[in-house]
Amino acid sequence: MSTLDDWTDAVRASLDLDPVDTKLVLDLARDVAHEVMRPAAPLSAYLMGLAVGRGADPRQAARVISDLARDWPPLPGSPS
């Protein structure tokens, strides 16, 4: 996973950002992609970032979004 870590570090440095809990963000994206739909994953990660930027705790924000995804109704025609 060093390429992902290297990429994340380069983006953070370029944007002058604090360290990121990569596992937390990837777990959130996985949960949303599986429970809602794949395109919702990057948007949800972005929205989590906005919340964190406004002072939310990253773990709490991820938990709220993951819980919402878990309770989201399945798409019509999806296996239940």
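Scroll up a little and you will see the structure.
Residues numbered from 1 in each chain as written. Predicted model: local features only at pLDDT ≥ 70, side-chain atom pairs only at ≥ 80, totals over all residues. Heavy atoms only, no water.

## Examining the overall build of the protein
Inclusion rule: Where helices and strands are cited, they refer to DSSP runs of H or I of at least four residues and of E of at least two residues respectively, numbered from the N terminus. Buried residues are those whose accessible area, probed at 1.4 Å on protein chains only, stays under 20% of the maximum for their type, while exposed residues exceed 50% and partly exposed ones sit between those limits. The contact criterion used is simple: two residues touch if any of their non-hydrogen atoms lie within 4.5 Å. A 1.4 Å probe and the Shrake-Rupley method give the accessible areas. Residues count as covered only by the protein chains that appear here.
Broken down by element type, the protein carries four helices and zero strands. Listing every helix and strand of the protein by position from the N terminus yields α-α-α-α. Along the longest, intermediate and shortest principal axes, the C-alpha atoms of the protein span 45 × 30 × 15 Å. Considering the protein as a whole, with its 80 residues, one finds that 20% of them fall into the buried category. In the protein, the share of contacts with a sequence separation of at least 24, taken over all contacts with a separation of at least 6, comes to 47%. On the protein, roughly 6100 Å² of surface is accessible, and the fraction owed to carbon and sulfur atoms is 61%.

## Considerations on the side chain of T22
Among the secondary structure elements, T22 is positioned in helix α2 (residues 22-35). T22 has contacts with L4 and T8, leaving out every residue within four places of it along the chain.

## With respect to the nonpolar core
Applicable threshold: By nonpolar core we mean a set of buried residues, namely Ala, Val, Leu, Ile, Met, Phe, Trp, Tyr and Cys, connected to one another through side-chain atoms within 4.5 Å.
L24, L28, V32, A40, M48, A61, A62, I65 and A69 form the largest nonpolar core, which has nine residues in total. Elements that contribute at least two residues to this core include exactly α2, α3 (40-53) and α4 (58-70). By residue number, the principal contributor to this core is α4, which donates four residues.

## Let's talk about α4
The test is simple: Take the number of residues in a helix, subtract one, and multiply by 1.5 Å to get its expected span. This arc describes the spread of directions from the helix axis toward the C-beta atoms. Any N or O atom pair separated by 3.5 Å or less is treated as a polar contact, with the protein-specific requirement of one donor-capable and one acceptor-capable atom, and with residues adjacent in sequence counted only for side-chain atom pairs.
Its 13 residues give α4 an end-to-end C-alpha distance of 18 Å, which sits within 8% of 18 Å, the value for a rise of 1.5 Å per residue. Among the residues of α4, those classed as buried are A61, A62, I65, S66 and A69. Looking down the long axis of α4, one finds its buried residues gathered within 130 degrees of arc, a one-sided arrangement. The inward-facing, buried residues of α4 abut α2 and α3. The backbone nitrogen of R59 has a side-chain oxygen 3.2 Å away, supplied by the residue at the start of α4, namely D57.

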